[in-house]
Amino acid sequence: MDLVIGPLDLPAHVDEALAVQAIAFGLGPDEVAVRRQIVLRHMAHPGARAFGATVGDRLVGFVYGMPNDRAHWWSTVVQPYLRAQGNEQWLDDSFVITELHVHPAHQNRGAGRALITTITDTATQPRSILSAIDTESPARALYHSLGYQDLARRVLFPSAPRPYAVMGAPLPLLRG
């Protein structure tokens, strides 16, 4: 069956999306419960939107994001790291990719690329920022191929076991 990318009513499909994230990111039930409340809170922010990747009637990937707000928790954590690298301006007038996950059985088939380019193509901001685990990975390779550059590395989030990289790209993203 063909992969279809389209708008996703994430609050209505939060459990399906988090099931994908749990498998893709290795989350346990307690982490999923916490993230459920975070996703629902995020989706109430002005300008927040989501897209899903489906095969038939099955959700196999999703992305969501919103215009950045310096008052958001994420921004307050990454701001000192960005400032130290001379990249603090990236927090202004940026669209944040909050989460992007594809079920492992559907990875390496263009779903992640299609999801992130679709959501950023609808952004009114001139640039996009995101955070990803700070290791060489297929996800970071994808982001680099789209034009994202490292703005700060070794970013530590409270309760996260591994450091993250904050990445940014001008919009529209590169095609390739």
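None of these values were measured; they are calculated from a predicted model.

## Description of the nonpolar core
- Of all hydrophobic cores here, the largest spans 25 residues; its most connected members are I97, I116, L130, Y143 and Y148.
- Breaking this core down by element, the ones donating at least two residues are strand 2 (49-55), strand 3 (58-67), strand 4 (94-102), helix 4 (111-121), strand 5 (127-133), helix 5 (138-145) and strand 7 (164-170).
- Not counting residues within four places of it along the chain, the set of residues in contact with Y143 comprises L100, I116, L130, A132, Y148 and M167.
- Core analysis: the next-biggest nonpolar cluster, separate from the first, contains 15 residues, W74, V77, V96 and Y164 among them.

## Details of the pairing of strand 7
- The element strand 7 is extensively covered by neighbouring structure, given that 6 of its 7 residues are classed as buried.
- Strand direction decides the pairing type here: strand 5 and strand 7, joined by 7 bridges, are antiparallel. Counterpart to A132 in the pairing with strand 7 is A165.
- Taken together, the 4 bridges between strand 6 (residues 149-155) and strand 7 define a ladder with antiparallel strand orientation. Looking across to strand 7, one finds that D150 is bridged to M167.

## Remarks on the environment of R70
- Of note, R70 is situated in the loop between strand 3 and helix 3 (73-84).
- A residue is classified by how much of its surface remains accessible, and R70, at 32% relative accessible area, is partly exposed.
- Linking R70 and D92, residues 22 residues apart in sequence, is a C-alpha distance of 7.6 Å.
- Sequence-distant contacts of R70, defined by excluding residues within four places in its chain, comprise S75, T76, Q79, E88, L91 and D92.
- Of the polar contacts made by the side chain of R70, one reaches the side chain of E88; its length is 2.9 Å.
- Engagement of the side chain of R70 in a polar contact is seen with the side chain of D92, the distance being 2.8 Å.

## Some points on unusual backbone geometry
- Of the consecutive residues L171 and P172, the connecting peptide bond is found in the cis state with omega at 0°.
- Turning to its location among the elements, P172 is positioned in the segment after strand 7.
- The phi torsion at N108 lies on the positive side, around 65°, for a residue other than glycine.
- Along the chain, N108 turns up in the loop between strand 4 and helix 4.

## Some thoughts on the side chain of N87
- Mapped onto the secondary structure, N87 falls in the loop between helix 3 and strand 4.
- Among the polar contacts listed, one links the side chain of N87 to the backbone oxygen of L151, at a separation of 2.9 Å.
- Sequence-distant contacts of N87, that is, excluding residues within four places in its chain, are made with L82 and L151.

Reading the values: rules and limits
- Residues numbered from 1 in each chain as written.
- Predicted model: local features only at pLDDT ≥ 70, side-chain atom pairs only at ≥ 80, totals over all residues.
- Heavy atoms only, no water.
- Core = buried A, V, L, I, M, F, W, Y, C linked by side-chain atoms within 4.5 Å.
- Buried < 20%, exposed > 50% of the residue type's maximum accessible area, 1.4 Å probe, protein only.
- Helix = DSSP H or I, 4+ residues; strand = E, 2+ residues; numbered from the N terminus.
- Contact = heavy atoms within 4.5 Å.
- Pairing = 2+ DSSP bridges.
- Polar contact = N/O pair within 3.5 Å; in protein donor to acceptor, adjacent residues only side chain to side chain.

That's the geometry; what it means functionally is another story.
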